[in-house]
Number of protein chains: 2
Amino acid sequence: MRILTTTNSLTTDDLGSAAQRDRRRRILDATIALASAGGFDAVQMRAVAEQADVALGTLYRYFPSKIHLLVSALARTFEDTQTIVGRRPVPGDTPSERVIYVLRRATRGMQGDANLTEALTRAFMFADASVATEIHVVGMQLTTMLTRSIKGEAYVEGEQPSDEDVAIARVISDVWLSALVSWVTGRASAEEVADHIETAVRLVLR
Amino acid sequence: MRILTTTNSLTTDDLGSAAQRDRRRRILDATIALASAGGFDAVQMRAVAEQADVALGTLYRYFPSKIHLLVSALARTFEDTQTIVGRRPVPGDTPSERVIYVLRRATRGMQGDANLTEALTRAFMFADASVATEIHVVGMQLTTMLTRSIKGEAYVEGEQPSDEDVAIARVISDVWLSALVSWVTGRASAEEVADHIETAVRLVLR
DNA sequence: TTCGGAACTGCAACGTGTTTCTATTATGAC
DNA sequence: GTCATAATAGAAACACGTTGCAGTTCCGAA
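Described below are features of the structure shown in this document. These numbers come from a predicted model, not from an experiment. (Residues numbered from 1 in each chain as written. Chains lettered and ligands numbered in written order. Predicted model: local features only at pLDDT ≥ 70, side-chain atom pairs only at ≥ 80, totals over all residues. Heavy atoms only, no water.)

What about the overall build of chain A?
- Within chain A one finds nine helices and zero strands.
- Since a compact globule built from 206 residues should have a radius of gyration of about 17 Å, the 18 Å found for chain A is in line with a globular shape.
- Based on the C-alpha atoms only, the size of chain A along its principal axes is roughly 50 × 40 × 30 Å.
- Looking at the 206 residues of chain A, the share that counts as buried comes to 47%. (Helix = DSSP H or I, 4+ residues; strand = E, 2+ residues; numbered from the N terminus. Rg over C-alpha atoms; globule rule 2.2 N^0.38 Å. Buried < 20%, exposed > 50% of the residue type's maximum accessible area, 1.4 Å probe, protein only.)

Quick word on the relation of the copies chain A and chain B
- When chain A is fitted to chain B, the residual RMSD is 0.1 Å, and the transformation amounts to a turn of 179 degrees plus an axial shift of 0.0 Å. The transformation relating the two chain copies, once decomposed into turn and shift, fits a two-fold axis. (Least-squares fit on C-alpha atoms with pLDDT ≥ 70 in both.)

Quick word on the protein's contact with DNA strand D
- Every one of the 18 residues lining DNA strand D counts as a neighbour, but A:Arg46, B:Ala55, B:Thr58, B:Arg61 and B:Tyr62 are closest to it.
- Near the protein, within 4 Å, the atoms of DNA strand D are sugar or phosphate in 69% of cases.
- Here a base nitrogen of DNA strand D and a side-chain polar atom of B:Arg46 are 3.4 Å apart.
- In the model, a phosphate oxygen of DNA strand D is placed 2.5 Å from a nitrogen or oxygen of the B:Thr58 side chain. (Near = heavy atom within 4 Å. Polar contact = N/O pair within 3.5 Å; in protein donor to acceptor, adjacent residues only side chain to side chain.)

A word on the protein's contact with DNA strand C
- The environment of DNA strand C is formed by 17 residues, the closest being A:Ala55, A:Thr58, A:Arg61, A:Tyr62 and B:Lys66.
- At the protein interface, 71% of the atoms of DNA strand C within 4 Å belong to sugar or phosphate.
- Between DNA strand C and the protein, one listed contact pairs a base nitrogen with a side-chain N or O atom of A:Arg46 at 3.3 Å.
- Taking B:Gln44, its side chain carries an N or O atom lying 3.0 Å from a phosphate oxygen of DNA strand C.
- Broken down by secondary-structure element, the contributors of at least two residues to the surface near DNA strand C are α3 (56–62) of chain A together with α2 (45–52) and α3 (56–62) of chain B.
- Take the surface near DNA strand C: its biggest share by element is three residues, from α3(A).

What to know about the nonpolar core
- Counting residues in each nonpolar core, the largest one holds 130 residues, and the members touching the most others are A:Ile27, A:Leu59, A:Leu103, A:Trp176, B:Leu59, B:Leu103 and B:Trp176.
- Beyond its immediate sequence surroundings of up to four residues, A:Leu103 is in contact with A:Met145, A:Leu146, A:Ile172, A:Trp176, A:Ile197 and A:Val201. (Core = buried A, V, L, I, M, F, W, Y, C linked by side-chain atoms within 4.5 Å. Contact = heavy atoms within 4.5 Å.)

Considering the interface of chain A and chain B
- In this assembly, 26 residues from chain A lie in contact with 27 residues from chain B.
- In this structure, the connection of chain A to chain B is made through zero salt bridges.
- Summed over the shared surface of chain A and chain B, the number is seven residue pairs in polar contact (both at pLDDT 80 or more).
- Elements supplying a minimum of two residues to the side of chain A that touches chain B: α6 (114–126), α7 (132–151), α8 (163–184) and α9 (190–204) of chain A.
- With nine residues, α8(A) is the single largest residue contributor to the side of chain A that touches chain B. (Salt bridge = Lys/Arg side-chain N within 4 Å of Asp/Glu carboxyl O.)

Looking at helix α7 (residues 132–151) of chain B
Residues and elements named next belong to chain B.
- Between the first and last C-alpha of α7 there are 28 Å, a value that for 20 residues agrees with the 28 Å anticipated at 1.5 Å per step.
- Every buried residue of α7 is listed here: Ile135, Val138, Gln141, Leu142, Thr143, Met145, Leu146, Thr147, Arg148, Ser149 and Ile150.
- Here the buried face of α7 lies against α4 (66–85), α5 (95–112), α6 (114–126) and α8 (163–184). (Expected span 1.5 Å × (residues − 1).)

Topic: the pattern of salt bridges
- Per the stated rule, a full pass over the model turns up 15 salt bridges over all chains.
- Close ionic contact of A:Arg76 with A:Asp29 constitutes a salt bridge, the shortest N to O distance being 2.7 Å. A residue pair is termed long-range when its members are at least 10 positions apart, and A:Arg76 in helix α4 (residues 66–85) and A:Asp29 in helix α1 (residues 18–38) qualify at 47 residues.
- Since its relative accessible area comes to 18%, A:Arg76 is described here as buried.
- The partner of B:Asp29 in a salt bridge is B:Arg25, and the shortest N-O contact between them spans 2.9 Å.

Shown next, in the form of structure tokens:
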């Protein structure tokens, strides 16, 4: 029950004081740096705390578990990339061309930092019920990205996509995540992942 | 480098002596019992060892990690169910009817034991590269089950399914696993899972 | 400026997956 | 039956996620 104990939440939505926002940012920065350097196992809570220059207890006050931490890092990563590339409409003449274009870019981006991808993906897949909120954020980001690609030029900001488009987007994001997992675990090469995704998109969008 | 040190591997494929096969069975039994009782967290290596009546070191000799153990348990579970139901051809007049039938059954089966499903599913999704072999076994089981359903009566035992059928089967199993994960983590109800899978199957098989 | 509570630090401790080591037991070759 | 070797038991120890706590600092309200 939080009833306006602070006054200056003037930037983003209800994240406390500037110092708190800064700590949160430092923690996520440290998380991503460690993940990028050594993957899931290298993201050790003591190391994150030290690198973010906070005490271990404070880290746990901001993120109640390692999984929460990594899924939040995934959400921020998606958010950042979407802020950058989300302005222009997606190129391509058909829905499947556009979706393939977007996923190809996203996949390349993820594969460009294998350790980070491994850490974030495995955390996402391992998350249990207590992480539902953070997971939902990521799911929405994916769905938005994909429905936006399906619609192409016809996409308008506030409008709800159709149920069918959402269903298609969810199927595609399931396949994409599974493909990422199999790449991360060394069961599939980058080309196999690209082929599999492309096949799935062509199957679903026709 | 193992060059025939034993003589009596007369039952299954190269699993050592009868005592060893029995230990392996006891370990998997204990794993499934504990998972069924309390889910992933309840499968504690010391508890598995005790219930299977082996020492902790022996448990690790048979399964090099908790994840290996749980994924192997998943493989055995699939194997058992396929031994039971895999005799008759899958009912249904079209590929999508048959696939939906099979997945509905499988989903109900999994949802009938939520704790076990949670444990096995999360282990499967969390597995890293070192578990590639066991993961591959499970992937093959799923692919076989699905291509068999797609073909229906036309399925013959030894024959390789077509590339397209395999691709379709892989897409569907991706969606099915993702749906199971979201059910396990409380993000989707049983009906939502059923609907999502059905939608995906209809999209892909048409 | 002072005060009270929330947030933070530093550190110890606990639980569970994993590793390691020695003594003991089972197993197959001869 | 004997022996060499592999497998197992039993138990300690380590690593890391997580929790708990005493003391300190920050921050808004009065």
